[in-house]
Amino acid sequence: MIAREVNFDGLVGPTHNYGGLSVGNIASMKNEESASNPREAALQGLEKMRALMARGLVQGFLPPHERPHIPTLRKLGFSGSDAEIVTRVAREAPLLLRNTASASSMWTANAATVSPSVDSNDDKLHLTPANLQAMFHRAIEHPQTEHILRAAFPGERFSVHGAVTSGGALGDEGAANHGRLCAEHGAPGLQLFVYGRSAFDRSGPTQFPARQAKEASLAIARQHQLDDAQIVMIQQNPAAIDAGAFHNDVVSVANGPALLYHEHAFAEAQAAREEIQRKAEILGFEPIFIEVAQADVPLDDAITSYLFNSQLITQPDGGMLLLLPIEAEENPRTRAWCAEAVAGNGPITETLFLDLRQSMRNGGGPACLRLRVVMTDDELKTMHQGFLLTEERITWLEAWVRSHYRDRLTAGDLADPALLDESRRALDELNQFLDVPALYPFQGETPHQLRG
């Protein structure tokens, strides 16, 4: 089957700020209260998308969510005009305002878990939005994410599910804890579900929460109609979580037959390797294990540099590109490891370091910013084309960002009702550009109501 991987990057929203909301995410906590630059953040993300387009790869994007999220605040008992609600919440519950104004939907690795049609028993491409129950500011995302995914992937070829039902125990963090190994993208693959804990067993990391529940991963595998022979359940190392690897994509990344991971990424690495080897052999391919030793790159260096929160991508010539944040180049240990990887006989043939500091300071690197979707050519033609980038579309988005986004934003600025109006005008214009039915609650039945 002819298929390709499409990266759908999250477009950074107008309220990008350093709220320090993500417990266990060291960069997020460290930069709390710092001033952010939403315009620069969005343009850095678009520059990354351009870099992959320039290499002949298909690139998509997902739009920001509305923030501050007034529907959530109304459900919590605040009333009056939208501007009055923002002012009141800023005065009475500033931390609540900070949570409902987070632009964290930019990290689309947490948007959903995706299984390609070649792996699913019903021959459909499956997408399940993550419930993100571990953090309040993220738990409010999945209804909007589902709505956007249904707009982007309409029709019978796609199956967009609702988030895994959870009262808090069955936490699901999406593709950040999921990977896929295969001979090539169009061949049947082996899906890796990495979990932090069982929903019914509180043992595990002691300093930071284990966000992904094993039961949630199993539920998604069932929803996506995956055979047991094509899934591997792996527990993340509790020590890695306590060190700041809040998601598994901070310590491992998979692409094609290659699994790149830190020595301390998994609780039982050898057992996981053996199961992967056995099941991959049945599927007809040989997995490539690239283990980075603690002696070469200490876990702390791996986490602060986001060496593994990179994009490992098969390029049109067959070689693999490792796209990393510039922090990995500035760290001497990770820079040396990358140089050796390219010089060796392994699958990684090129590295590319990009400046994504605005996202990195909030705890999200290149892998956080994208959702990987393996699609056949027919599926690619069937999806809504507005979510796929062309030179014309990305140029329009860059101009749109420069026109609507502020170049400085602090937590205190979230109290400005004008920010809500600015953001809504920007999103309304973006919705028109996408040419889809209204994406946001403030638009009513159709977009454009803010024009004039």
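The following paragraphs examine the structure supplied in this document. (Residues numbered from 1 in each chain as written. Predicted model: local features only at pLDDT ≥ 70, side-chain atom pairs only at ≥ 80, totals over all residues. Heavy atoms only, no water.)

Focus on the packing of helix α16 (residues 391-404) against helix α17 (residues 417-434)
- At their nearest, the axes of α16 and α17 sit 11 Å apart, and the two run at 165° to each other. As judged from the angle between their axes, α16 and α17 are roughly antiparallel. Our pair here, α16 against α17, has a crossing hand that is right-handed. Within the contact between the two elements, α16 uses Arg393, Trp396, Leu397, Trp400 and His404 and α17 uses Arg425, Ala426, Leu427, Glu429, Leu430 and Phe433.
- Looking at the contact of α16 with α17, its residues break down into 7 nonpolar, 1 polar and 3 charged. (Axes fitted to C-alpha atoms, helices over the stretch in contact; angles between N-to-C directions. Helix = DSSP H or I, 4+ residues; strand = E, 2+ residues; numbered from the N terminus. Parallel < 35°, antiparallel > 145°, perpendicular 65-115°, else oblique. Left-handed = near helix turned anticlockwise from the far one by under 90°. Contact = heavy atoms within 4.5 Å. Nonpolar A, V, L, I, M, F, W, Y, C, P; charged D, E, K, R; others polar.)

Let's talk about helix α4 (residues 82-92)
- By the burial criterion, the buried members of α4 are Ile85, Val86 and Val89. Mapping the buried residues of α4 onto a view down its axis gives an arc of 100°, with all of them on the same face.
- Buried positions along α4 lie against α3 (70-75), α5 (94-100) and α17. (Buried < 20%, exposed > 50% of the residue type's maximum accessible area, 1.4 Å probe, protein only. Arc of directions from axis to C-beta.)

What about the sheet that holds strand β9 (residues 252-255)?
- The mixed open sheet is built from 3 strands, whose spatial order is β9-β10-β11. In this open sheet, the two edge strands, each paired with only one partner strand, are β9 and β11 (288-292). Direction aside, neighbouring strands of the sheet carry axes that sit 10° apart on average.
- Taken together, the 4 bridges between β9 and strand β10 (residues 258-262) define a ladder with antiparallel strand orientation. Within β10, the residue paired with Ser252 across the bridge is Tyr261.
- Of the strands in this sheet, β10 and β11 are in contact with helix α10 (residues 269-283), which crosses β11 at around 165°. (Pairing = 2+ DSSP bridges.)

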